[in-house]
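Examination of the molecular architecture
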Amino acid sequence: MSPVTPASVQKLQTALHAKAKESPSFRFYALYDKVHRKDILIYAYECCKANGGAAGVDGQRFEDIEAYGVERWLDELAQELKNRTYQPLPVRRVYIPKPDGKQRPLGVPAIRDRTAEMAAVLVLEPVKRVRKLINAGHQEIVDADLSSYFDSIPHSELLQSVARRVVDGAMLHLIKMWLDAPVEETDEQGNKRRSTRNRDEGRGTPQGAPISPLLSNFTSLIMPMTS
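This write-up is about the structure you can find in this document. Computed from a predicted model, the values in this text were never measured in an experiment. (Residues numbered from 1 in each chain as written. Predicted model: local features only at pLDDT ≥ 70, side-chain atom pairs only at ≥ 80, totals over all residues. Heavy atoms only, no water.)

Regarding the packing of helix α3 (residues 38-51) against helix α5 (residues 70-83)
Relative placement of two packed helices is described by the angle separating their axes and the distance separating the axes. Put simply, α3 and α5 touch, their axes get as near as 10 Å, and they point 120° apart. By the angle class used here, α3 and α5 are oblique. You can see that α3 and α5 cross each other, and the crossing is right-handed. Together, K38, L41, I42 and Y45 of α3 and V70, E71, W73, L74, D75, L77, A78 and L81 of α5 make up the contact between the two elements. Across the contact of α3 with α5, the residue classes break down as nine nonpolar, no polar and three charged. (Axes fitted to C-alpha atoms, helices over the stretch in contact; angles between N-to-C directions. Helix = DSSP H or I, 4+ residues; strand = E, 2+ residues; numbered from the N terminus. Parallel < 35°, antiparallel > 145°, perpendicular 65-115°, else oblique. Left-handed = near helix turned anticlockwise from the far one by under 90°. Contact = heavy atoms within 4.5 Å. Nonpolar A, V, L, I, M, F, W, Y, C, P; charged D, E, K, R; others polar.)

In structure tokens form, the structure reads like this:
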């Protein structure tokens, strides 16, 4: 069951959405401080817990966090974000079977990173412009197959697209860190291998991370449209 959105979070999202709708050219410059707000992080954690999912590269599970103390754990994450000492861990890559027999790569961030990403989603979601483009008749945004695009999404163009509405440098840096995070895979012999291709080539984002669907909406602004 999905957690109920707190009134304070609803109020923030409503205000951001109203401003985005009222002023299409307005650029948001103070969003990062909302990401480490206690109510935002608590709700973000609850959303991640409701979605379930396996542990990331650190092996930390929701049961471990509950035993440690959720409030204490969230306070530590909030402090890292507030002090700008937060650094995302590598994303664990797993493969899930597709109907055609092939396998689809899926990124599994650590729960701390999923929570931080979800907090950013809660803040950025009201700002995105995809609904306006859909209303203008660009149904390709809905119908396009973005699955393969996750591996080739260009970081610089994506960040430029986000910056059309968000000029908060700390928020943009946070997104860039998630885009640049290494990917860790474990082979059949149990050997771990980390790849920094995303950072080295400046493209790609792991499919499965909470921030990825939102970023795919922003990328629709730079994808070529077909009639």
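Observations concerning the sheet that holds strand β1 (residues 91-97)
Spatially, β2-β1-β3-β4 is the arrangement adopted by the four strands of the open sheet, whose pairing is mixed. Looking along the sheet, the strands with just one partner apiece sit at the ends: β2 (103-108) and β4 (192-195). Recorded for the sheet is a direction-independent mean angle of 35° between the axes of neighbouring strands. Note that β1 and strand β3 (residues 183-186) share two bridges and pair parallel. Its bridge partner lying in β3, R92 is registered against E184. (Pairing = 2+ DSSP bridges.)

Comments concerning the nonpolar core
Counting residues in hydrophobic clusters, the biggest one holds 51 residues, and the most contacted among them are M171 and L174. Counting residues per element, this core draws most heavily on helix α6 (residues 111-124), which supplies nine residues. L174 has contacts with Y32, V35, L81 and Y86, leaving out every residue within four places of it along the chain. (Core = buried A, V, L, I, M, F, W, Y, C linked by side-chain atoms within 4.5 Å. Buried < 20%, exposed > 50% of the residue type's maximum accessible area, 1.4 Å probe, protein only.)

Considering the pairing of β2
Remark: a regular strand shows side chains that alternate across the two faces of the sheet. Judged from the six bridges that link them, β1 and β2 form a sheet pairing that is antiparallel. Paired with V94 across the bridge in β2 is L106. Linking β1 to β2, which pair antiparallel, is a turn of five residues; within it G101 sits at a positive phi near 95°.

Here's the deal with the pattern of salt bridges
Where charged atoms from two side chains of opposite charge approach closely, those side chains can pair. Under the counting rule described, the total for this entry stands at twelve salt bridges. Across the salt bridge formed by E66 and K49, the nearest N and O atoms sit 3.0 Å from each other. On the criterion of sequence distance, the pair formed by E66 in helix α4 (residues 62-68) and K49 in helix α3 is long-range, its members being 17 residues apart. A single network of salt bridges, built from pairs that share partners, joins E80, R112 and D113. (Salt bridge = Lys/Arg side-chain N within 4 Å of Asp/Glu carboxyl O.)

Looking at unusual backbone geometry
The backbone phi angle of R84 is positive, close to 60°, even though this residue is not glycine. Along the chain, R84 falls in the loop between α5 and β1.

Function cannot be read off these values alone, since they describe shape.
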